[in-house]
Amino acid sequence: MTSAQSAETRVQAETTPMVQADHVYKSFGALQVLRGITLEVEPGQVMCLIGPSGSGKSTFLRCVNHLESVTAGRLYVDGDLIGYRERGGKLYELSAKDAAKQRRDIGMVFQHFNLFPHRTALDNVIEAPTQVKKVPRDKAVARAKDLLAQVGLSDKADAYPAQLSGGQQQRVAIARALAMDPKLMLFDEPTSALDPELVGDVLAVMRDLAKDGMTMIVVTHEMGFAREVADQVVFMDEGRVIEQGDPQEMLSNPKHERTRAFLSKIL
Ligand code: ADP
Ligand code: MG
């Protein structure tokens, strides 16, 4: 191999997108929810996904970590085809076990935090590393304490979810997702269920995570966050990408009428 070739190989290796969606379709029966989503997220980038209710944002996130299987098209995370194995030009769906393995590297945070109610914050955070990855308990506890500190909850390790505010519960949920050392974090309206005064602390944790280089897809209506943190904003409507681009540019000067109409409602 010449040095020019090896340099080229290296460049290609370095530019594997963290997320690549290639004409992704998803239907539920006769209902077409995703109608050809094509997009890319580079490693270390933050994409904010916006769009009206019912446009398919949650479904898209659920396809990225294979909680739903796509009807057509392909999704890759860090170069790995999600949910399927390709052999002889044909696709075979992964076994539940292999799909779960793939999902381990992808953290997801939902609108409703879904913590285990009868476990403390700390026990919620160590659950997956100890059960799924078989990390020794003392190691998992040490890491969980660091993660709780990272989300500003050092003093709440022994609290039960019911003793925490919604914002604190959501920060535990973020720590819980991070405990699996994901290479990608998906956030589905993480602050939509919170009282307004609790939103800021959760967004601050997400902002720090982005600064530390985490690759993130964030479905949100927090346009201040999108403007400040996102590398790109994608506007979806009726299962299609209508417009995408730089947040400053797109949010101040949307090109498409539907983007304009949507933004005028939420800003
Ligand atoms: P968004 O997150 O943008 O509000 P969703 O992805 O949740 O949109 O939903 C898009 C459409 O898909 C909606 O019409 C919703 O009712 C439908 N949908 C989502 N999940 C399912 C499902 N499991 N079965 C049937 N329809 C679904
Ligand atoms: Mg949704």
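Residues numbered from 1 in each chain as written. Chains lettered and ligands numbered in written order. Predicted model: local features only at pLDDT ≥ 70, side-chain atom pairs only at ≥ 80, totals over all residues. Heavy atoms only, no water.

Draft legend 1. Inspection of the pattern of salt bridges at higher detail. As enumerated under the stated definition, the model contains 14 salt bridges in all. Across the pair Asp201 and Arg171 runs a salt bridge whose closest N-O atoms are separated by 3.9 Å. Of the two residues, Asp201 sits in helix α7 (residues 196–211) while Arg171 sits in helix α6 (residues 166–178), which places them 30 residues apart along the sequence. Asp201 gets classed as partly exposed once you look at its relative accessible area, which sits at 43%. (Salt bridge = Lys/Arg side-chain N within 4 Å of Asp/Glu carboxyl O. Helix = DSSP H or I, 4+ residues; strand = E, 2+ residues; numbered from the N terminus. Buried < 20%, exposed > 50% of the residue type's maximum accessible area, 1.4 Å probe, protein only.)

Draft legend 2. Examining the nonpolar core more closely. Ile50, Leu148, Ile174, Met185, Phe187, Met206 and Met216 are the most contacted members of the largest nonpolar core, which has 52 residues in total. Counting residues per element, this core draws most heavily on α7, at 7 residues. Counting residues in hydrophobic clusters, the runner-up holds 29 residues, among them Val19, Val33, Val64 and Leu186. (Core = buried A, V, L, I, M, F, W, Y, C linked by side-chain atoms within 4.5 Å.)

Draft legend 3. Structural detail: the site of ligand 1. Near ligand 1, the surroundings consist of Phe28, Leu31, Val33, Pro52, Ser53, Gly54, Ser55, Gly56, Lys57, Ser58 and Thr59. Between Gly54 and ligand 1, the recorded distance is 2.7 Å, taken from a backbone N or O atom to an oxygen atom. One of the side-chain N or O atoms of Ser58 is found 2.8 Å from an oxygen atom in ligand 1. Looking at the shell around ligand 1, the elements that each hand over two or more residues are β2 (31–41) and α2 (57–64). When residues in the shell around ligand 1 are grouped by element, the largest group, 3 residues, is from α2. (Near = heavy atom within 4 Å. Polar contact = N/O pair within 3.5 Å; in protein donor to acceptor, adjacent residues only side chain to side chain.)

Draft legend 4. Representation of the UniProt feature "domain: ABC transporter" (unreviewed entry) in the chain in the model. Those residues carrying the UniProt feature "domain: ABC transporter" (unreviewed entry) are residues 19–263 in this numbering. Secondary structure over residues 19–263 splits into 37% helix and 28% strand, and the C-alpha atoms at its two ends are 26 Å apart. (UniProt positions renumbered as here; feature names shortened; annotations may be inferred.)

Draft legend 5. Spotlight on the environment of Leu194. Looking at the element boundaries, Leu194 is found in the loop between β9 (184–188) and α7. Judged by relative accessible area, Leu194 falls into the buried class, the value being 9%. For the pair formed by Leu194 and Tyr92, sequence separation is 102 residues and the distance between their alpha carbons is 41 Å. With sequence-adjacent residues up to four places away left out, Leu194 is seen in contact with Phe113, Gly166, Gly167, Val199 and Val202. (Contact = heavy atoms within 4.5 Å.)

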